[in-house]
Amino acid sequence: MRVIITGATGGIGFAVAEAFAKAGHEVVLADLNEAALQEKTALLTSAGWQAHYCMLDVTNAQQISDCAARFPADILINNAGIQHVARLEDFPPEQWRLLLEVMLTGPAMLTRAMLPGMRERNFGRVINIGSIHALVASPFKSAYVAAKHGLLGFSKVIALENADKNFTINTICPAYVKTPLVEKQIAAQAKEHQLTEQQVIEQIMLAPMPQKAFIDVSEIAATALFLCQEGAKHITAQTLVLDGGWTAR
């Protein structure tokens, strides 16, 4: 089956791409950075796996349409993400809108573009990479939290609209994963709160998590693979939370 992964050159995206390629799927890496896409695709093909890449800005309607036409997919992994940390009154409005465009409108429009083919083939799996912030809030992340909360509602609606087909849509919500995006958050929060970066990790990021550990990208990849198995065909409109007990409190 063909799998498209957005944000595919980052830590989570590439881990998911590698896991699906290793499992025998044809993977399409979609991202903005062509040099990184070429490098990551070459890593997969050199291992003997099927891999391609597609330049894709998920805020660009024409690029979404072109990508869907070129690579009709059985499985779509919506993983593109950005972050900006600030109090709402200091949050640039254009930056607020961009976060929602990348992490909510983009996944919706890409899903919209892929749906007709999935319905025609009577098979489709859409997996959104959400966040613990789809369930709980943190200060200074109003746009990110709004976008991730929105993904859950979006998924429920699309599941209902396509329940007549062999189609599922789910959202994987990990607690903090130590990716470059999170590294930037650590630095930003250290500056905001006048803490060391280690203090941010211990006192802010991992403090609510009973297991006191970052989630590994391999856990997210394994969960995505599971959702595409026959045994998961009736798991839809669900939120799979990898949080080390955070939301048990």
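Our structure's up above, just so we're on the same page.
Residues numbered from 1 in each chain as written. Predicted model: local features only at pLDDT ≥ 70, side-chain atom pairs only at ≥ 80, totals over all residues. Heavy atoms only, no water.

Draft legend 1. Region of the structure containing the packing of helix α3 (residues 61–70) against helix α4 (residues 93–121). Close contact between α3 and α4 brings their axes to 9 Å; oriented N to C, the two are set at 35 degrees. Both α3 and α4 take part in a crossing whose hand is right-handed. In contact with I64, C67 and A68 of α3, α4 contributes G106, M109, L110, A113 and M114. Class assignment for the residues of the contact of α3 with α4 results in 7 nonpolar, 1 polar and no charged. (Axes fitted to C-alpha atoms, helices over the stretch in contact; angles between N-to-C directions. Helix = DSSP H or I, 4+ residues; strand = E, 2+ residues; numbered from the N terminus. Left-handed = near helix turned anticlockwise from the far one by under 90°. Contact = heavy atoms within 4.5 Å. Nonpolar A, V, L, I, M, F, W, Y, C, P; charged D, E, K, R; others polar.)

Draft legend 2. Spatial organisation of the packing of aromatic side chains. Inspection of every chain in the model, using the stated rule, returns 1 aromatic pair. Considering the side-chain rings of Y176 and W246, the 6.0 Å spacing of their centres and the 35 degrees angle between planes classify their relative orientation as tilted. Of the two residues, Y176 sits in the loop between β6 (167–174) and α6 (180–193) while W246 sits in the segment after β7 (239–242), which places them 70 residues apart along the sequence. We classify W246 as buried; its relative accessible area is 10%. In this structure, K40 is placed above the aromatic ring of F14, and the distance from its NZ or CZ to the ring centre is 4.7 Å. (Phe/Tyr/Trp six-rings, centres within 6.5 Å; stacked < 30°, edge-to-face > 60°. Buried < 20%, exposed > 50% of the residue type's maximum accessible area, 1.4 Å probe, protein only. Lys NZ or Arg CZ within 6 Å of the ring centre and 35° of its normal.)

Draft legend 3. Quick look at the pattern of salt bridges. Going through the model one piece at a time under the given rule, you end up with 5 salt bridges. R2 serves as the salt-bridge partner of E26, at 3.3 Å between the closest nitrogen and oxygen. One end of the pair, E26, is in strand β2 (residues 26–31); the other, R2, is in strand β1 (residues 2–6), and 24 residues separate them in sequence. Accessibility assignment for this pair places E26 and R2 in one class, buried. (Salt bridge = Lys/Arg side-chain N within 4 Å of Asp/Glu carboxyl O.)

Draft legend 4. Region of interest: the layout of surface pockets. Its boundaries defined by the atoms lining it, the largest pocket holds a volume of some 870 Å³. Of all the secondary structure elements, the ones that give two or more residues to the lining of the largest pocket are α1 (11–22), β2, α4, α5 (142–161) and α6. Considering each element in turn, the lining of the largest pocket owes the most residues, 6 residues, to α6. (1 Å grid on protein atoms, 1.4 Å probe; cavity = no way out; pocket = protein on both sides within 12 Å on 5 of 7 lines; lining within 4 Å. Points joined across faces, edges and corners; volume = space filled by probe spheres on them.)

Draft legend 5. Quick peek at the side chain of D31. Mapped onto the elements of the fold, D31 is located in strand β2. Despite being buried, D31 has no salt bridge partner; K40 is the closest side chain of opposite charge, sitting 9.3 Å away. At a separation of 3.3 Å, a polar atom in the side chain of D31 contacts the main-chain amide nitrogen of A8. (Lys, Arg positive; Asp, Glu negative; His and termini not counted. Polar contact = N/O pair within 3.5 Å; in protein donor to acceptor, adjacent residues only side chain to side chain.)

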